[in-house]
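# Observations on chain architecture
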Amino acid sequence: MGSSNNDDLQAGMVSAARDAALAGAERIHDARREFLKLFGMGAAAAAGMGAIPFAGAVGDAVAATGSPAGSPYAPAFGFAPGLLYMNIGTTGASPTQVVQHAAADYQDIASNPTAYFFGQQAMRNAIAPGFGCDPYELTLSFNTTDGLCRIIMGLQFQPGDEIITTNMEEDAGKSAAAMVRDRFGVVVREVGLPTNDAVSENTVMKRFRDQLNRRTRAILFSSPVYLTGARLPEKDLCRWAARNGVISIVDGAHGPGMLALDLHDMGCDFYSGAGHKWQCGPGQTGFMYIRNGFSAAPYVRNAPTSDLAPFGVPSPTVPINVPGYSNTTALPTYFPTNTLIYGATPILLNGSRNPDDNIAAILQLVGNGSRPSQKALAEACQLWDGWGRQAIEEYVVALAQYLRARIVDIWGPQALSVPYKRNPKLAARTGLTSFNPFSAGYDYNVDLSAAEAQAQATASSAAVATMRSAHQIVIRNNRVPHSLRSDPEANAAADALSAPLRVSTHLFHSTADVDRLIAALLQVVPHP
Ligand SMILES: Cc1ncc(COP(=O)(O)O)c(C=O)c1O
């Protein structure tokens, strides 16, 4: 046991975390059995996509599942032998059946070429319920960056308007804010996010509140945060923004596929997520959500199955149950930035908003896309829906807890980006784990000089490379403006960033994979 007087770090902590991960695997086995019972009769069929065409592959994969110590999902994926891929936070890997169907679809298009415009309405109908939103609000985008840029450039800003963002945004969020800064004269204010024992939801909320003034137009934050893996209090932030007449934009690159999202409950105005990361769709796929209603009560959307319905073409409809919104404020003016058909219908014309409008139909028509990719993303989403998104989140969190428990046991609690608790707080309920074995005392929050920061970055990058070349384990590192031990109110300056390691644990991993990772790390990075 590493040195600690933290009550949560009792003897048996590792085995408790392991038990929790195994219990998560058991739940997955149950969910999977239920899934098989429902085979071919899922929401997709009801939503007009026809039977789910993956009985054979997943059935075989499930039959091949080993003991609960292995992930029940692992057989559905086709990683190279010996490879332990733990960098889903950068990009994921599609299930084998999804790859096969996408390849077949690509072949079909090569044999019978057709325009790529159509079929997305049925896909959106099928996958929107899995994210707790209306299919009229969910557009298949190219990736998180694409969605964020389309969101921010569709809003109206005046010189002097302000956006509150964080010091830990990925380049996509930084670029989005910087573009409206330079183009419209928007003032961008940053809050520093806390790390390790400085982490607290109250601190995050307070730092946002401290930046609010009458010029604040929007908040833009990512969650989970790519540098630390910490989940922010998304709902509290979005509802606080709504109460203050401020637009909320969430960079959810790491949300879909990792977390059981309920976007209406979260209350965000805009959400951009990746399809190719935790959702394990193909490259260049993502989700752009734009809140398009304010009814607190749930409702039924009779959604068309034809992409041409907004243009008056008759279409059969499917009833889709939609949860009510926690954010019941008016909809902000929003202009499409990229569509083939602006003005062809009154929808979004001059930025107008109407909850009955199928805005996603307008935003989806951006010219030719990739039918195989979009179908593959929809298929991956339906797999997740069938397996159960809540069960997946619980499995992912339980496995990350096991990893964090092992890290604490070896390097100590001060090595983690977020505190370890037996019952993890929201901040730690993610599959991204960041820890720092390179700083003095393995302290995530240690103050570094510029020279120490540079040396740490070099050592950390070398460790990432060795993990791959010598152990076939893929992880990554980041440069992090962590909280400072000397002053928990402050974050590291640009020339004094730390370089912790970041590990993604996903549904195809098991506790045995975590053990393999730890064994390799003990050969590669400093430890007590
Ligand atoms: C928080 C965050 N936002 C945006 C992105 C960019 O994602 P995409 O490649 O989907 O545009 C990333 C990628 O790692 C990220 O971590």
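Given the structure is predicted, the values throughout are model-derived calculations rather than measurements.

## Some words on the overall build of the protein
Across its full length, the protein holds 15 helices and 14 strands. Considering the protein as a whole, with its 528 residues, one finds that 57% of them fall into the buried category. Pairs at least 24 apart in sequence give 75% of the contacts found in the protein among residues at least 6 apart. Accessible area for the protein stands at about 19400 Å²; split by element, carbon and sulfur atoms hold 53% of it.

## Considerations on the site of the ligand
The environment of the ligand is formed by 14 residues, the closest being Thr144, Thr145, Asp251, His254 and Lys277. Between the ligand and Thr144, the relevant distance is 2.7 Å, taken from an oxygen atom to a side-chain nitrogen or oxygen of the residue. Within the contact set of the ligand, a nitrogen atom lies 2.6 Å away from a side-chain nitrogen or oxygen of Asp251. Bound to the protein, the ligand loses 90% of the 400 Å² it would expose on its own. Among the residues making up the shell around the ligand, the classes are represented as 4 nonpolar, 7 polar and 3 charged.

## Brief notes about the nonpolar core
Residues Phe208, Ile219, Trp411, Ile475, Leu507, Leu517 and Leu521 are the most contacted members of the largest nonpolar core, which totals 96 residues. Residues in contact with Ile219, not counting those within four places in the same chain, are Ile164, Phe208, Leu237, Trp240, Ala241, Val246, Ile247, Ser248 and Ile249. Counting 25 residues, the second-largest nonpolar core is a separate cluster that includes Ile247, Phe270, Ile341 and Leu348.

## Observations regarding the sheet that holds strand β8 (residues 286-290)
Strand order in the open sheet formed by 7 strands is β2-β8-β7-β6-β5-β3-β4, and the pairing between neighbours is mixed. Each edge of the open sheet carries a strand with a single partner, namely β2 (138-141) and β4 (187-191). Pairwise comparison of adjacent strand axes, ignoring direction, gives a mean angle of 20 degrees for this sheet. As paired elements, strand β7 (residues 270-274) and β8 share 5 bridges and run antiparallel to each other. Across the sheet, the residue bridging to Ala274 is Gly286, located in β8. The sheet strands contacting helix α9 (residues 234-243) are β3 (162-166), β5 (216-222) and β6 (247-252), and the helix crosses β5 at an angle near 170 degrees.

## Considerations on the environment of Val418
Tracing the sequence through the fold places Val418 in the loop between α13 (389-411) and β11 (432-435). On the basis of relative accessible area, Val418 is assigned to the buried category, the value being 4%. A C-alpha to C-alpha distance of 8.1 Å links Val418 and Ser434, two positions 16 residues apart in sequence. Apart from the residues within four sequence positions on either side, Val418 is in contact with Asn196, Val199, Ala230, Arg404, Ala427 and Ala428.

## A closer look at the environment of Asn338
Relative to the helices and strands, Asn338 resides in the loop between β10 (317-322) and α11 (359-364). Overall, Asn338 belongs to the partly exposed group, its relative accessible area being 30%. Put simply, Asn338 and Val366 are 28 residues apart on the chain and 5.9 Å apart in space, counted from C-alpha to C-alpha.

## Some remarks on the packing of aromatic side chains
Taken as a whole and judged by the stated rule, the model has 13 aromatic pairs. When the centroid spacing of 6.1 Å and the interplanar angle of 80 degrees are considered together, the rings of Tyr73 and Tyr395 count as edge-to-face. Of this pair, Tyr73 sits in the loop between α3 (55-63) and β1 (84-85) while Tyr395 sits in helix α13, and the two are 322 residues apart along the sequence. Accessibility classification places Tyr73 together with Tyr395 in one group, the buried group. Residues Trp411 and Phe435 carry aromatic rings whose centres are separated by 5.1 Å and whose planes lie at 55 degrees to one another, so their mutual orientation is tilted. Here Phe435 lies in strand β11 and Trp411 lies in helix α13, a separation of 24 residues in the sequence. Feature note: the residues Tyr73, Trp384, Trp387 and Tyr395 constitute an aromatic cluster, connected by ring pairs. Cation over ring: Arg217 sits above Phe157, and NZ or CZ is 5.6 Å from the ring centre.

## Brief notes about α13
If you check α13, its first and last C-alpha atoms are 32 Å apart, about what 23 residues at 1.5 Å a residue would give, namely 33 Å. Within α13, 20 of the 23 residues are buried, which leaves it mostly tucked inside the rest of the structure. Backbone geometry just downstream of α13 places Gly412 in the positive-phi region, at approximately 100 degrees.

## Some remarks on the confidence of the model for the protein
Looking at the protein as a whole, its pLDDT mean stands at 90, while 89% of the residues score no less than 70. Here residues 1-5 is a poorly scored stretch, pLDDT under 50, and it has 10 contacts once near neighbours within four places are set aside; other chains count. Throughout residues 34-68 the model reports pLDDT below 50, and contacts reaching past four residues in sequence, or to other chains, amount to 59 contacts.

## Brief notes about the pattern of salt bridges
As enumerated under the stated definition, the model contains 18 salt bridges in all. Among the ionic pairs, Glu234 bridges to Arg231, the shortest N-O distance being 2.8 Å. Across the pair, Arg231 and Glu234 agree in class, each one buried. Each of Asp105, Asp108, Arg371 and Lys375 takes part in a single network of salt bridges with overlapping partners.

Analysis parameters
- Residues numbered from 1 in each chain as written.
- Predicted model: local features only at pLDDT ≥ 70, side-chain atom pairs only at ≥ 80, totals over all residues.
- Heavy atoms only, no water.
- Helix = DSSP H or I, 4+ residues; strand = E, 2+ residues; numbered from the N terminus.
- Buried < 20%, exposed > 50% of the residue type's maximum accessible area, 1.4 Å probe, protein only.
- Contact = heavy atoms within 4.5 Å.
- Areas by Shrake-Rupley, 256 points an atom, 1.4 Å probe, with all protein chains shown as cover.
- Near = heavy atom within 4 Å.
- Polar contact = N/O pair within 3.5 Å; in protein donor to acceptor, adjacent residues only side chain to side chain.
- Nonpolar A, V, L, I, M, F, W, Y, C, P; charged D, E, K, R; others polar.
- Core = buried A, V, L, I, M, F, W, Y, C linked by side-chain atoms within 4.5 Å.
- Pairing = 2+ DSSP bridges.
- Axes fitted to C-alpha atoms, helices over the stretch in contact; angles between N-to-C directions.
- Phe/Tyr/Trp six-rings, centres within 6.5 Å; stacked < 30°, edge-to-face > 60°.
- Lys NZ or Arg CZ within 6 Å of the ring centre and 35° of its normal.
- Expected span 1.5 Å × (residues − 1).
- pLDDT = per-residue confidence, 0-100.
- Salt bridge = Lys/Arg side-chain N within 4 Å of Asp/Glu carboxyl O.

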